[in-house]
Amino acid sequence: FLPLLQYPNRISTTTTTISRRFSFEDDWLEDDDEDHDIYWLEDFAAENEDQSLGEAIGAGEAVVCIPDVASREETLDLFQAGLNAVARRDEPAARGRSRFSVSDPEAFSSDVVLLCDEILCRVLDHLDDTIPSIFETLFVPDDIANDWADQQPLNAQGEQPTVPPPDHIRDMCDSLRDLYLMGELEWSEGEPAINVYEGGGYFGAHKDHLALTVLIPLTTPDSDFEGGGTGFWKGNREVDENPATQPDLILKPPAGSALIFGGDVTHAGMPVAAGYRSVFVCSFSTKTPVSQPDRLHGMQAPPKVSPNFKGTI
Ligand SMILES: O=C(O)CCC(=O)C(=O)O
Ligand SMILES: [Fe+2]
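Residues numbered from 1 in each chain as written. Chains lettered and ligands numbered in written order. Predicted model: local features only at pLDDT ≥ 70, side-chain atom pairs only at ≥ 80, totals over all residues. Heavy atoms only, no water.

K.L.:
In this structure, what is going on with the site of ligand 1? I would like to understand it.
P.N.:
In the neighbourhood of ligand 1, 13 residues make up the surrounding shell, with Arg-99, Tyr-197, Thr-230, His-267 and Arg-277 lying closest. Separating an oxygen atom of ligand 1 from a side-chain N or O atom of Thr-230 is a distance of 2.6 Å. Computed on the free molecule, ligand 1 has an accessible area of 300 Å², of which 99% lies beneath the protein chains in the complex. Across the shell around ligand 1, the residue classes tally to 5 nonpolar, 5 polar and 3 charged. (Near = heavy atom within 4 Å. Polar contact = N/O pair within 3.5 Å; in protein donor to acceptor, adjacent residues only side chain to side chain. Areas by Shrake-Rupley, 256 points an atom, 1.4 Å probe, with all protein chains shown as cover. Nonpolar A, V, L, I, M, F, W, Y, C, P; charged D, E, K, R; others polar.)

Take a look at the structure:
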């Protein structure tokens with residue numbers, strides 16, 4: 001996490017803000033005829049026919065937006081569950097942002113877990129069906145060269161992962177859905193999570209550092225909140241980046257859309273001016289022999305160890 005950025009009250013007018021599907025088409029946007037939109041963060045990448053979309057996403061050159069992965073009722077249920085968790089909590093939210101692990105039984109009921117699971121499965125199915133190069137380039141170990149490690153984003157320590165998943169993953173799993181259902185993913189700390197931003201709330205610029213991020217807004221711009229949105233910066237390959245500028249692109253898709261991007265992309269939850277903004281978010285990579293045990297439970301409650309337990313875990 002790169003701490004950063006004092007946001008000015010006013011968003012720079014050079015920043016492109018896209019809040020409704022097709023309401024603002026310009027060079028950023030390509031309608032892919034696959035029932036999702038592609039936003040290019042690098043112009044050259046859009047024209048590079050040798051590169052798959054999975055590679056472009058992995059390189060931080062493209063962000064994909066899938067519309068309608070969750071219904072209004074579903075996003076309202078999750079948003080309400082987030083608000084309830086905020087109301088039950090004692091401490092005030094730092095930076096106007098609260099963040100709850102979906103797996104936290106004190107924050108959410110099992111209905112919420114099941115709904116998040118179902119929505120994530122829909123997103124993974126869409127990606128498997130329409131952008132199989134995501135699974136092929138970013139998740140599955142290559143059986144010839146050790147390409148997997150090279151394709152991964154730098155981890156939070158700025159290092160390139162070196163230990164790939166075991167080869168048998170390729171025989172066991174054909175898709176993102178398989179990896180998810182077979183428990184072969186590792187997750188960003190505390191994720192999947194639901195973030196709730198109140199007026200003034202934001203999430204400073206950072207990289208997620210895992211192979212893929214799925215970010216599903218649970219509230220809709222203009223009707224539920226003002227300001228906000230997810231900001232993206234170009235040129236994410238620089239590790240030491242501390243963006244002093246406004247984002248190049250701010251996406252504000254309606255509740256129930258899914259934004260998909262890679263772990264090297266510098267992005268932020270932009271400050272909410274009024275109302276509540278909420279997102280369901282998770283970043284994940286294929287599990288490897290060096291994955292931390294506390295990153296593997298996903299939406300399941302982490303194992304609890306009794307205080308009397310004397311052994312090692
Ligand atoms: O709120 C957003 O749009 C960004 C959230 C985010 O980047 C995160 O939770 O890692
Ligand atoms: Fe993030």
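K.L.:
Even after reading the chapter, I still don't get helix H5 (residues 132–139), so can you show me in this structure?
P.N.:
The periodicity of an α-helix, 3.6 residues per turn, causes residues three or four places apart in sequence to face the same way. Of all the 8 residues making up H5, 6 are buried; the element is thus mostly covered by neighbouring parts of the structure. Along H5, the positions that sit buried rather than exposed are Ser-133, Ile-134, Phe-135, Thr-137, Leu-138 and Phe-139. (Buried < 20%, exposed > 50% of the residue type's maximum accessible area, 1.4 Å probe, protein only. Helix = DSSP H or I, 4+ residues; strand = E, 2+ residues; numbered from the N terminus.)

K.L.:
Is there a simple way to think about the pattern of salt bridges in this case?
P.N.:
Side-chain pairs of opposite charge can arise whenever the charged atoms involved come near each other. Evaluated as defined, the whole model comprises 7 salt bridges. Arg-99 is the salt-bridge partner of Glu-191, the closest N and O atoms lying 2.4 Å from each other. Within this pair, whereas Glu-191 is found in the loop between strand S6 (185–187) and strand S7 (193–197), its partner Arg-99 is found in strand S5 (residues 97–101), the two being separated by 92 residues in sequence. Classification of Glu-191 by relative accessible area gives buried; the value is 7%. A salt bridge links Glu-118 to Arg-122; the shortest N-O distance between them is 2.8 Å. Note that Glu-118 and Arg-122 are positioned in helix H4 (residues 110–130) at a spacing of 4 residues, about one turn of the helix. Relative accessible area serves as the criterion here: at 42%, Glu-118 is assigned to the partly exposed category. It is possible to trace a salt-bridge network through shared partners that takes in Glu-74, Glu-118 and Arg-122. (Salt bridge = Lys/Arg side-chain N within 4 Å of Asp/Glu carboxyl O.)

K.L.:
What exactly am I supposed to notice about H4 here?
P.N.:
End to end, H4 covers 30 Å across 21 residues, agreeing with the expected 30 Å (1.5 Å per residue, within 8%). Within the sequence span of H4, burial applies to Val-112, Leu-115, Cys-116, Ile-119, Leu-120, Cys-121, Val-123, Leu-124, His-126, Leu-127 and Asp-128. (Expected span 1.5 Å × (residues − 1).)

K.L.:
Would you mind going over the packing of helix H3 (residues 72–88) against H4 with me for this structure?
P.N.:
Look at H3 against H4: their axes get within 11 Å of each other, and the N-to-C directions meet at 135°. Judged by the angle between their axes, H3 and H4 are oblique. As for how H3 packs across H4, the hand of that crossing is left-handed. Between H3 and H4, the contacting residues are Glu-74, Asp-77, Leu-78 and Ala-81 on the first element and Val-112, Leu-115, Cys-116, Glu-118, Ile-119 and Arg-122 on the second. Considering only residue class, the contact of H3 with H4 consists of 6 nonpolar, no polar and 4 charged. (Axes fitted to C-alpha atoms, helices over the stretch in contact; angles between N-to-C directions. Parallel < 35°, antiparallel > 145°, perpendicular 65-115°, else oblique. Left-handed = near helix turned anticlockwise from the far one by under 90°. Contact = heavy atoms within 4.5 Å.)

K.L.:
Hey, could you run me through the confidence of the model for the chain in this one?
P.N.:
Do not read the fine detail of predicted coordinates wherever pLDDT is low. Averaged over every residue, the pLDDT of the chain is 87; the share at 70 or more is 85%. With pLDDT under 50 throughout, residues 1–13 is counted as low confidence; its partners more than four residues away or in other chains account for 29 contacts. pLDDT under 50 marks residues 20–25. Its contacts with residues more than four places away, or in other chains, come to 12 contacts. (pLDDT = per-residue confidence, 0-100.)

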